[in-house]
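# Structural features, examined
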Amino acid sequence: MTDDFERAVAQVVDSQACSGCGLCTRLDSSLTMQLDSNGYLRPRFDGDSQAIPNATAIFRRGCPGVVVRGLAPPKDATVHPLLGAHVGLWNAWATDAALRHAGSSGGALTAIHTWLLDTGRAARVTGAAADPAAPRRTVPVTITSRAQALRAAGSRYAPVAALDSADVLLSASAVCGKPCEISALRQTAGDLIDGEAPLMLSFFCAGTPSQSGTDALLADLGVDLSDTVHELRYRGNGWPGRFTARIDDDVVSADYDESWGRRLGPTTQWRCKVCVDGVGESADIVSADSWESDERGYPVFTEGEGRSALLARTPRGRQAILDAHAAGVIALEPLEVSQLAQAQPLQTNRRRFLSARLLGSRLAGRRPPAYPGFRLLRLSLGAPRTALRTLRGTFARVRRERGEREAH
Ligand SMILES: Cc1cc2nc3c(=O)[nH]c(=O)nc-3n(C[C@H](O)[C@H](O)[C@H](O)COP(=O)(O)OP(=O)(O)OC[C@H]3O[C@@H](n4cnc5c(N)ncnc54)[C@H](O)[C@@H]3O)c2cc1C
Ligand code: SF4
């Protein structure tokens, strides 16, 4: 039984399908999440396995390195083939100027977090923030006050396992995490949580960069590994805001193109390149950047007042958004799904050609996760030449990477 569980985890990690979500650490107290030599968080056994009963079955149902399931849309949902189902869609921002400024885009998630806490709808919210002891690193945090919510506001483009926190399984919680983490929690909440599942909040996610991306960016800005970083933000304090690090009295920074575009984005782990759900289909509420587009249809990242696109995926999520709006916590204005799709080319292209990537990967000998319920093949068939090119490219890349690994 225990051997089965250890084997199941090892298989996911060895096939590079691990997203680093941390679910497995809830199933076995001897597992901890640790950075591997490539700068990604992976589960590692620290002593003999202490798996809970049924750990293997729960793992196979929830681990996003094994499976991510497409869910049946709610009855009154609008279904977009590339962005999933929603029962409400708006541009949104925090009406509290400090939260809006600190947030990654419009601070909509942070505003909802504080409102959940203020109204007693949640006793705690789990999110992610800079490690207070070592702000180069990112850790899961439990938010119980506005001040803590403010500290956790903003995207962290680095490894963090949101589910590597016992608090995600407490009742009366809300959980904010990446789409893979929310999928894992949605699939296993019935097994692991007594009482009602937490309200699940997520955001569009292009993927988790390596921790080495952060260190390389800091080095570009003249910060050595031996320097003590006192504060580190990836964005926010504006929209999109700047990557900013404080070292004693010195502050260094880089704009969004330089930080995410050139240094962090390119180090994204392989699992995320073959991710079916960067748009949080398993969540109740999802936030995204509601970028303006230029005349060619590409998103523009000029600084401005933050604006999130807010999607309600479930009636429960919609009710929470409408109640927060009625309480004056967030501002809402209508948003067309076609406009959101235009602002999110990475998300739409990744899903459109995912079946080609998955096949290319399998042919090259690397097993990706299973994605039942997403009906991917018909999306790629709409542009067969690009799909074929993608398949060939993935095949060659995976073969090359496997060869390099075997040579080490
Ligand atoms: C790895 C990553 C990839 C992203 N890719 C996209 C993308 O493709 N398209 C897009 O539109 N936006 C992307 N974003 C940005 C994010 O989706 C938007 O900024 C979103 O609109 C949230 O903005 P907000 O102001 O409402 O959230 P905020 O009010 O700033 O709240 C963000 C919340 O997310 C939590 N959080 C931050 N980083 C992480 C993390 N790494 N893991 C778990 N929880 C975290 C924080 O605790 C905070 O509570 C990405 C963010 C991350 C971290
Ligand atoms: S994807 Fe999550 S549950 Fe699966 S092995 Fe990795 S950390 Fe564990």
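Within each chain, residues carry numbers counting from 1 in the order of the written sequence. Chains and ligands are labelled sequentially in the order written, the chains with letters from A and the ligands with numbers from 1. Two thresholds apply to this predicted model, a pLDDT of at least 70 for residue-level local features and 80 or more for giving and counting side-chain atom pairs, whereas whole-chain, interface and lining totals are computed over all residues.

### Some words on the site of ligand 1
Put plainly, near means the residue's C-beta atom, positioned from the backbone, lies within 6 Å of the molecule or strand in question. Inspection of the region around ligand 1 gives 36 residues, with G103, S104, T110, G127 and F203 positioned closest. Residues were grouped as follows: Ala, Val, Leu, Ile, Met, Phe, Trp, Tyr, Cys and Pro as nonpolar; Asp, Glu, Lys and Arg as charged; and all remaining residues, including Gly, as polar. Residue composition of the shell around ligand 1, by class: 16 nonpolar, 17 polar and 3 charged.

### Here's the deal with the packing of helix 2 (residues 55–62) against helix 6 (residues 179–192)
Axis angle and axis distance: for two packed helices, these are the angle between their axes and the distance between the axes, and together they describe the pair. A fitted line through C-alpha atoms serves as each axis, taken over the contacting stretch for helices, and the angle formed by two N-to-C directions is quoted from 0 to 180°. A run of H or I in DSSP counts as a helix once it spans at least four residues, and a run of E counts as a strand once it spans at least two, with each numbered from the N terminus. The interhelical angle for the contact between helix 2 and helix 6, taken along N-to-C directions, is 150 degrees, at an axis separation of 8 Å. Of the residues in helix 6, those touching helix 2 at I58, R61 and G62 are A184, Q187, T188 and D191. Residue composition of the contact of helix 2 with helix 6, grouped by class: 2 nonpolar, 3 polar and 2 charged. Note on contacts: each residue gets a C-beta atom placed from the backbone, and two residues are in contact if those atoms are within 7 Å.

### Notes on the sheet that holds strand 13 (residues 285–289)
Should DSSP find at least two bridges between two strands, the strands are regarded as paired. Strand order in the open sheet formed by 8 strands is 7-6-8-9-13-16-5-17, and the pairing between neighbours is mixed. A strand with exactly one partner marks an edge of an open sheet, and here the two such strands are strand 7 (134–143) and strand 17 (330–334). Adjacent strand axes in the sheet meet at a mean angle of 25 degrees when their direction is disregarded. One ladder, built from 5 bridges, connects strand 13 with strand 16 (residues 308–312); its direction is antiparallel. Counted as the bridge partner of I285 is A312 from strand 16. Along the sheet face, helix 4 (residues 108–118) touches strand 5 (88–94), strand 6 (124–131), strand 7, strand 8 (173–176), strand 9 (199–203), strand 13, strand 16 and strand 17 and points at about 85 degrees away from the line of strand 5.

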